[in-house]
Amino acid sequence: MKLLEIFSNLSELRSYGEKVCNNGTGIGLGIDRSNISKPWWLQLQLQPQQIKIIMAGDNLTFLAEFVLLGFSEIPNLHGFLFGVFLVIYLCILMGNGLLIVITKVDPSLQTPMYFFLGNFSFLEICYTSVTIPRMLADLWSQKTTISFVACAVQVCFLYILGVAECLLLAVMAYDRYVAICKPLYYPLIMNNKICIELVVASWMIGVPILIEETYLIFSLNFCGPNKINHIFCEAPPLLKLACGDTYKIEVSVHVIALLFVLIPFLLIFTSYLKIITTILKLPSTSGRTKAFSTCSSHLTVVALFYGSGSIVYLQPRSGQSAESGKVLSLFYTTVTPMLNPVIYSLRNKDVVAALRKLLPKSIGSLNN
């Protein structure tokens, strides 16, 4: 690694050293001023994955990049895995993209439920684009290193979009609750302005908290080893590489997971309890069947996403294994977004009808 990749010139390096001495810990470096004596001098030793700084006789090492082990245990299958994940990613783009198009162009789908579905499909595309393209590039090039900054950016966007997905699923549950339990007030409560505000709030409400959380995670001292036993950058495997006491950060990660995962889940659970109670009171069997059919797709997506995500983030670190973490992470970052269009298409007659109008008749005949 070249010196210019870390510091543009020697004066910047000197300025950085003085800043460390005066201000304490630098982001991601874990260099505490209590360990540094004045006057200081430093010598830089550049290695492929880490930088060693010797300041006033103290050895201080921090990582410049990480190595994502990913599927390193099965190198012979990298070509096959590249093909599998490429197909999955294309299915996610085309399936969710198709849902976005039909919810925009079909007049029969201009309702709050399909407005939220279109936004959810767009969110799924963004969410998977944080991890899958990088995974494909690593499998193709056999290069598994990721810079410190790129890892931090990936974690930040993964969490922002993941939280937005949790909140949007809760909004979609609330929409079904109002439609079934308060049908006469539905047009008034779920008007266009409210729908837009709910979507914007789902996207934005977690941003400042999650940026701060990412900052705290990458302010830890990652002094080596630099190998992340995972397929992408994520808090649980990263915390295993941190030096020193990570208890406070681990508690912070779990608290935020409880806040943005458990609370929306409880809102969804409460909404569906009231929905089921209302449906069971309907006099006709056909009415109950129709009401259940409008909710079943959403419930399926909620179960898949929350089931795998909550195990990863709410389970104590001591109870996690690297391999199970990889499988569960793949499930909620790739499998669920891929199944989302299929679930909503197969279980929703309005979506099927819209697809038949949009797609060639030969494709529409397959649904008969």
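Structure's up top.
These notes cover the structure that comes with them. (Residues numbered from 1 in each chain as written. Predicted model: local features only at pLDDT ≥ 70, side-chain atom pairs only at ≥ 80, totals over all residues. Heavy atoms only, no water.)

**Quick word on the overall build of the chain**
So, step 1. Looking only at helices and strands, one finds 14 helices and six strands in the chain.
So, step 2. Expressed as a percentage of the 368 residues in the chain, the buried residues total 46%.
So, step 3. The contacts of the chain with a sequence gap of at least 6 include a subset with a gap of at least 24, amounting to 71%.
So, step 4. Of the accessible surface of the chain, which amounts to about 18,300 Å², a share of 67% is contributed by carbon and sulfur atoms. (Helix = DSSP H or I, 4+ residues; strand = E, 2+ residues; numbered from the N terminus. Buried < 20%, exposed > 50% of the residue type's maximum accessible area, 1.4 Å probe, protein only. Contact = heavy atoms within 4.5 Å. Areas by Shrake-Rupley, 256 points an atom, 1.4 Å probe, with all protein chains shown as cover.)

**Observations regarding the layout of surface pockets**
So, step 1. Estimated volume of the largest pocket: approximately 570 Å³.
So, step 2. Along its surface, the largest pocket is lined by 20 residues, and Arg-176, Lys-290, Ser-293, Thr-294 and Asp-350 are the ones closest to its centre.
So, step 3. Looking at the lining of the largest pocket, the elements with two or more residues in it are helix H3 (112–129), helix H5 (148–181), helix H11 (285–314) and helix H13 (349–358).
So, step 4. Among the elements that make up the lining of the largest pocket, the one with the highest residue count is H11 (six residues). (1 Å grid on protein atoms, 1.4 Å probe; cavity = no way out; pocket = protein on both sides within 12 Å on 5 of 7 lines; lining within 4 Å. Points joined across faces, edges and corners; volume = space filled by probe spheres on them.)

**Observations regarding helix H10 (residues 247–280)**
So, step 1. Taking 1.5 Å of rise per residue, 34 residues should cover 50 Å, and H10 covers 47 Å from first to last C-alpha, within 8% of that figure.
So, step 2. Taken as a whole, H10 carries its principal kink of about 30° at Leu-258. (Expected span 1.5 Å × (residues − 1). Bend = angle between axes of the 7 residues up to and from the residue.)

**Observations concerning the pattern of salt bridges**
So, step 1. Under the criterion given, the structure shown has two salt bridges.
So, step 2. Close ionic contact of Arg-134 with Asp-138 constitutes a salt bridge, the shortest N to O distance being 3.7 Å. Separated by four residues within a single helix, Arg-134 and Asp-138 lie in helix H4 (residues 132–141), roughly one turn from each other.
So, step 3. Among the residues examined, Asp-138 registers a relative accessible area of 12% and is labelled buried.
So, step 4. Between Arg-176 and Asp-175 there is a salt bridge, and its shortest N-O distance comes to 3.0 Å. (Salt bridge = Lys/Arg side-chain N within 4 Å of Asp/Glu carboxyl O.)

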